[in-house]
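Chain residues, written in single-letter form:
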Amino acid sequence: MSVSSFSIFGLSSYLDKGLTILASMVGSMICLLIMLAISYRVKSTSGILIVGLMFSGVFSSITSILESSTASESLQRYVIWTLGSYKGLSTPTLWIFFCIILLSVITYFSFAKALSLLQIGEDFAQNLGVNINSTKWKSFVVSGVLAGAVTAFCGPIAFIGFAVPHIVRKLYHSSNHFILLPRFILMGAIVSLFSSFLSNDIFPGIHVPLNAITSFLGAPYIIWVLLSDNQFKKEYA
């Protein structure tokens, strides 16, 4: 969601790949910081989600305005990029992508215990010596790097980053991130590959955008999360 909100930075995709990666990471981190600031005012998950969707609409409109003043060749590359695809990953870029993901995952595991304690509650974690602000900042930085890298290499892939963690938590009923993180990765890979398979083979001779498949699979789940949230029912029923 945060990366989609800042997909405006994808306009740099017609420049060199290094600038694209940097711009995507900076964009996702800025949006994550905005959402972090909002989370101090809006406590419910459903409220934060709604605010995030509103930001998505704002930045999508800014992107549309910039599209209208972009050269046709660059605009064509940008539009193809926004559809999302794993086909653009050549062997050299795949190795770069792999290294970014590997370093990010190792960093996540370095403070997985603090994340597990935070999942139980901030007061509980703080009483056990967890630095709440430091852990949140680390989590946001690593999330920004991962989201930016995925967006730069594959385009904005919608909903997987939101839906998959919720599904895994529902399946395993655990707050232990040493258990959850590997399952996040595995489930995310399975959903991504399944979506890619559907985008290429669901209609013979027609390539369906990957972003359309992930949105079709993920959006209903997010709607279900909202409708099953008690705070959302109280505020919007």
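Up top is the structure.
Throughout, a residue's number is its position along its own chain's written sequence, starting from 1. This being a predicted model, a pLDDT of at least 70 is required before a residue's local features are given, and a value of 80 or more before pairs of side-chain atoms are given or counted; all residues contribute to the totals for chains, interfaces and linings. For side-chain calculations, the full set of non-hydrogen atoms in the structure is used, while hydrogens and water are omitted.

**Things to note about the overall build of the protein chain**
And step 1. A count of helices and strands for the protein chain gives 12 helices and zero strands.
And step 2. Mapped in sequence order, the helices and strands of the protein chain form the string α-α-α-α-α-α-α-α-α-α-α-α.
And step 3. Any residue under 20% of the maximum accessible area for its type is buried, any over 50% is exposed, and the rest in between are partly exposed; the area is computed with a 1.4 Å probe on protein chains only. Sorting the 237 residues of the protein chain into buried and exposed places 41% on the buried side.
And step 4. In the protein chain, 71% of the contacts between residues at least 6 apart in sequence involve partners at least 24 apart.
And step 5. Areas reported here follow the Shrake-Rupley algorithm with a probe of radius 1.4 Å; residue values treat only the protein chains shown as occluding. Summed over its atoms, the accessible surface of the protein chain is roughly 13,200 Å², and 69% of this surface lies on carbon and sulfur atoms. The way it works is that DSSP assigns letters per residue, a run of H or I at least four long becomes a helix, a run of E at least two long becomes a strand, and they are numbered from the N terminus. Note on definitions: a residue-residue contact is assigned when non-hydrogen atoms from the two residues lie within 4.5 Å.

**Structural notes on the nonpolar core**
And step 1. Joining through side-chain atoms within 4.5 Å is the link that ties buried Ala, Val, Leu, Ile, Met, Phe, Trp, Tyr and Cys residues into a set, and such a set is a nonpolar core. Core analysis: the biggest nonpolar cluster contains 21 residues, and F97, Y108, F153 and C154 have the highest contact counts within it.
And step 2. Among the elements of the structure, α5 (91–110), α6 (112–120), α8 (132–154), α9 (160–172) and α10 (177–201) are those that each provide at least two residues to this core.
And step 3. Take this core: its biggest share by element is five residues, from α8.
And step 4. Within the second largest apolar cluster, six residues are counted, among which are L117, L118, V130 and I132.

**Concerning α6**
And step 1. Buried within α6 we find A112, A114, L115, S116, L117 and L118.
And step 2. Those residues of α6 that are buried lie in contact with α5, α7 (122–127), α8 and α10.

**A look at the environment of A152**
And step 1. Assignment of secondary structure puts A152 in helix α8.
And step 2. Placed 71 residues apart in sequence, A152 and W81 show a C-alpha to C-alpha distance of 8.8 Å.

**Overview of the environment of S116**
And step 1. One can find S116 in helix α6.
And step 2. In this structure the C-alpha to C-alpha distance between S116 and F178, which are 62 residues apart in sequence, comes to 8.1 Å.
And step 3. Residues contacting S116, with those up to four places away along its chain left out, are S175, N176, H177 and F178.
And step 4. Counting of polar contacts relies on pairs of N or O atoms within 3.5 Å, with two restrictions inside protein: one atom must be capable of donating a hydrogen and the other of accepting it, and residues adjacent in sequence are counted only when both atoms are side-chain atoms. Only 3.4 Å separates the side chain of S116 from the backbone oxygen of S175, close enough to count as a polar contact.

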